[in-house]
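Understanding the architecture of this molecule
Residues per chain, in single letters:
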Amino acid sequence: MAGAGGGGCPAGGNDLQWCFSQVKGAVDEDVAEADVISTVEFSHSGDLLATGDKGGRVVIFQREQENKSRPHSRGEYNVYSTFQSHEPEFDYLKSLEIEEKINKIRWLPQQGAARFLLSTNDKTIKLWKISERDKRAEGYNLKDEDGRLRDPLRITALRVPILKPMDLMVEASPRRIFANAHTYHINSISVNSDHETYLSADDLRINLWHLEITDRSFNIVDIKPANMEELTEVITAAEFHPHQCNVLVYSSSKGTIRLCDMRSSALCDRHSKFFEEPEDPSSRSFFSEIISSVSDVKFSHSGRYMMTRDYLSVKVWDLNMESRPVETHQVHEYLRSKLCSLYENDCIFDKFECCWNGSDSAIMTGSYNNFFRMFDRTTWRDVTLEASRENSKPRASLKPRRVCAGGKRKKDEDKAN
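Residues numbered from 1 in each chain as written. Predicted model: local features only at pLDDT ≥ 70, side-chain atom pairs only at ≥ 80, totals over all residues. Heavy atoms only, no water.

As annotated in an unreviewed UniProt entry, the protein chain carries the name Serine/threonine-protein phosphatase 2A 55 kDa regulatory subunit B and is attributed to Delphinapterus leucas. According to UniProt, the comment filed for the protein chain under the heading Sequence similarities (unreviewed entry) is "Belongs to the phosphatase 2A regulatory subunit B family." (UniProt positions renumbered as here; feature names shortened; annotations may be inferred.)

A few words on the overall build of the protein chain. Per the secondary structure count, the protein chain includes two helices and 28 strands. Per-residue burial for the protein chain yields a buried fraction of 40% across its 417 residues. Relative to all contacts within the protein chain whose residues are 6 or more apart in sequence, the contacts with residues 24 or more apart total 50%. Total accessible area on the protein chain stands at roughly 23,500 Å², and carbon and sulfur atoms take up 49% of it. (Helix = DSSP H or I, 4+ residues; strand = E, 2+ residues; numbered from the N terminus. Buried < 20%, exposed > 50% of the residue type's maximum accessible area, 1.4 Å probe, protein only. Contact = heavy atoms within 4.5 Å. Areas by Shrake-Rupley, 256 points an atom, 1.4 Å probe, with all protein chains shown as cover.)

As a further point, take the sheet that holds strand S4 (residues 48-53). Read from one edge of the open sheet, four strands run S3-S4-S5-S6, paired in antiparallel fashion. Single-partner strands in this sheet number two, and they are strand S3 (37-42) and strand S6 (77-84). Within the sheet, the average angular offset between the axes of one strand and its neighbour, ignoring direction, is 20 degrees. Inspection of the sheet shows S4 paired to strand S5 (residues 57-63) by five bridges, in the antiparallel sense. Residue pairing across strands places Gly 52 opposite Val 58, the latter belonging to S5. (Pairing = 2+ DSSP bridges. Axes fitted to C-alpha atoms, helices over the stretch in contact; angles between N-to-C directions.)

What follows deals with the sheet that holds strand S28 (residues 382-386). Reading across the sheet, the four strands line up as S25-S26-S27-S28 and stay open at both edges, with antiparallel pairing between neighbours. The open sheet has two free edges, formed respectively by strand S25 (354-356) and S28, since each of these has just one partner strand. Geometrically, the sheet is characterised by an average inter-axis angle of 20 degrees between neighbouring strands, direction not taken into account. Pairing geometry for S25 and strand S26 (residues 362-366), over three bridges, is antiparallel. Note on S26: the bridge partner recorded for Cys 354 is Thr 365.

Turning next to the layout of surface pockets. A volume near 690 Å³ is recorded for the second largest pocket. Along its surface, the second largest pocket is lined by 27 residues, and Glu 277, Glu 279, Ser 288, Ser 292 and Lys 315 are the ones closest to its centre. Split into classes, the residues belonging to the lining of the second largest pocket amount to seven nonpolar, nine polar and eleven charged. (1 Å grid on protein atoms, 1.4 Å probe; cavity = no way out; pocket = protein on both sides within 12 Å on 5 of 7 lines; lining within 4 Å. Points joined across faces, edges and corners; volume = space filled by probe spheres on them. Nonpolar A, V, L, I, M, F, W, Y, C, P; charged D, E, K, R; others polar.)

A complete count under the given rule lists 15 aromatic pairs for this structure. Here the aromatic rings of Phe 352 and Tyr 368 are separated by 5.4 Å at their centres, their planes lie at 85 degrees, and the arrangement is edge-to-face. In this pair, Phe 352 is assigned in the loop between helix H2 (339-344) and S25 and Tyr 368 in the loop between S26 and strand S27 (371-376), connecting sequence segments 16 residues apart. Overall, the relative accessible area of 1% leaves Tyr 368 in the buried class. Ring pairing ties together the aromatic residues Phe 286, Phe 287, Tyr 343 and Phe 349, which thus form one cluster. Geometry around Tyr 305 places Arg 377 over its ring, the cationic atom sitting 5.0 Å from the centre. (Phe/Tyr/Trp six-rings, centres within 6.5 Å; stacked < 30°, edge-to-face > 60°. Lys NZ or Arg CZ within 6 Å of the ring centre and 35° of its normal.)

In this section: unusual backbone geometry. Residue Asp 346 is not a glycine yet carries a positive backbone phi of 70 degrees. As for its placement among the helices and strands, Asp 346 is situated in the loop between H2 and S25.

This part is about the nonpolar core. Formed by 13 residues in total, the largest nonpolar core has its most connected members in Ile 206, Val 221, Leu 248 and Tyr 250. Elements supplying a minimum of two residues to this core: strand S14 (197-201), strand S15 (205-210), strand S16 (218-222), strand S17 (235-240) and strand S18 (247-252). In terms of residue count, the dominant contributor to this core is S17 (three residues). Each residue touching Ile 206, except ones within four places of it in the same chain, is listed here: Leu 199, Ser 200, Ala 201, Phe 218, Asn 219, Ile 220, Val 221, Ile 235, Ala 238, Leu 248 and Tyr 250. (Core = buried A, V, L, I, M, F, W, Y, C linked by side-chain atoms within 4.5 Å.)

Residues in a regular strand project their side chains so that they alternate between the two faces of the sheet. Of the two faces of strand S9 (residues 104-107), the one holding Lys 104 and Arg 106 and the one holding Ile 105 and Trp 107 are both buried throughout. Two elements, S9 and strand S10 (residues 115-120), share four bridges in a ladder whose sense is antiparallel. Bridge pairing in S10 places Arg 106 opposite Leu 118.

Time to look at the environment of Leu 339. By the secondary structure assignment, Leu 339 is in helix H2. Classification of Leu 339 by relative accessible area gives buried; the value is 5%. A C-alpha to C-alpha distance of 9.1 Å links Leu 339 and Ile 291, two positions 48 residues apart in sequence. Among all residues touching Leu 339, those that are not within four sequence positions of it are Phe 287, Ile 291, Tyr 311 and Ile 348.

The next thing to look at is the pattern of salt bridges. Applying the stated criterion across every chain, the model contains 20 salt bridges. Among the ionic pairs, Asp 53 bridges to Arg 57, the shortest N-O distance being 3.1 Å. Classification of Arg 57 as partly exposed rests on a relative accessible area of 24%. A salt bridge links Lys 315 to Asp 310, with the nearest nitrogen and oxygen atoms 3.6 Å apart. (Salt bridge = Lys/Arg side-chain N within 4 Å of Asp/Glu carboxyl O.)

What follows concerns the pairing of strand S22 (residues 305-309). Along S22, four of the five residues are buried, which leaves the element largely enclosed by surrounding structure. Two successive antiparallel strands, strand S21 (residues 296-299) and S22, enclose a turn made up of five residues, where Gly 303 displays a positive phi of approximately 85 degrees. The pairing of S22 with strand S23 (residues 313-318) spans five bridges and is classified as antiparallel. From the neighbouring strand, Met 306 faces S23, where its bridge partner is Trp 317. The hairpin formed by S22 and S23 contains three residues between the paired strands.

Dropping the structure here:
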């Protein structure tokens, strides 16, 4: 886990400085498949970090508070709660196994003492309540301290229960289960800015849910053709606008992004805006359509821009200009000459995500060999850093890495982040 700026990391000018913070989890190479992390998500405040794994578990880490005796402890995360979110299932009608792997986690904005998050596997979304308990009631009238019921005939006095302090206990309880609404695998969930609804998207449909209603959802996008042989694209990601509760975007495997306005139509098959970069005919190849597939789309915090990630690049779009992106950042352009090998070993179908920093001034995305790329939108500088757990000392600055196209490492041996 790496952090930007502060906490003992040297800073030069306005450049973002990255330093190693800590490793959470097993350091052994021999890791069980069920323990492999499949998604991570910070809470809105950054105090909690939720991770989901292929075994259907959710582990929540909490950031340490400021401590004068340990000035460097701030920023370190420790286990806060662990619970089993999903179990493996079997669809008897389709003779299909449904994996327990957590595809996405999304936090709801905190409105009280408890926290809420949504987690989903391929078919079922669950709303979890994370709450703390540090007091217990004692002195019940109808039961003993161990919970056994007392004989009503022997109760001769009325007792007033009192609260006594106890060791802090974090409880995770399922509050809602949203199921049976998706035929295909869920790839995205996004909480609306109205804090009442959220969307879930699979390959061909997007559904709108109310957080209090589990037995029905509204299908707002459906791109399934009448004849599946005519299918030309699938939905790859979807997200609500951070401020306008009626606006959402979804990306496709053809490299296009559609912005929909739910005020104009209940069924958003007819988009309000269509974002697509014109292709240069001179650079077209057999792999053009594959590498143009958008694997992730994220609105900026301001809501003015959105960012998309395809196989080789990250693009920033102004919502007021549909014709072309305002920024294009190459992530690993050196792979363009190796697309044939990447196609043969299926690496060309790897999916990468992207994210904004808090002020929308920098963007980050992953690459191969544990590398991640950061692009400063103000200075147009970019840096390649390695998220390596070997030889990493706490608070040590990460050194920029350079990648040469003619390197010794074979690209068939690379693994996606």
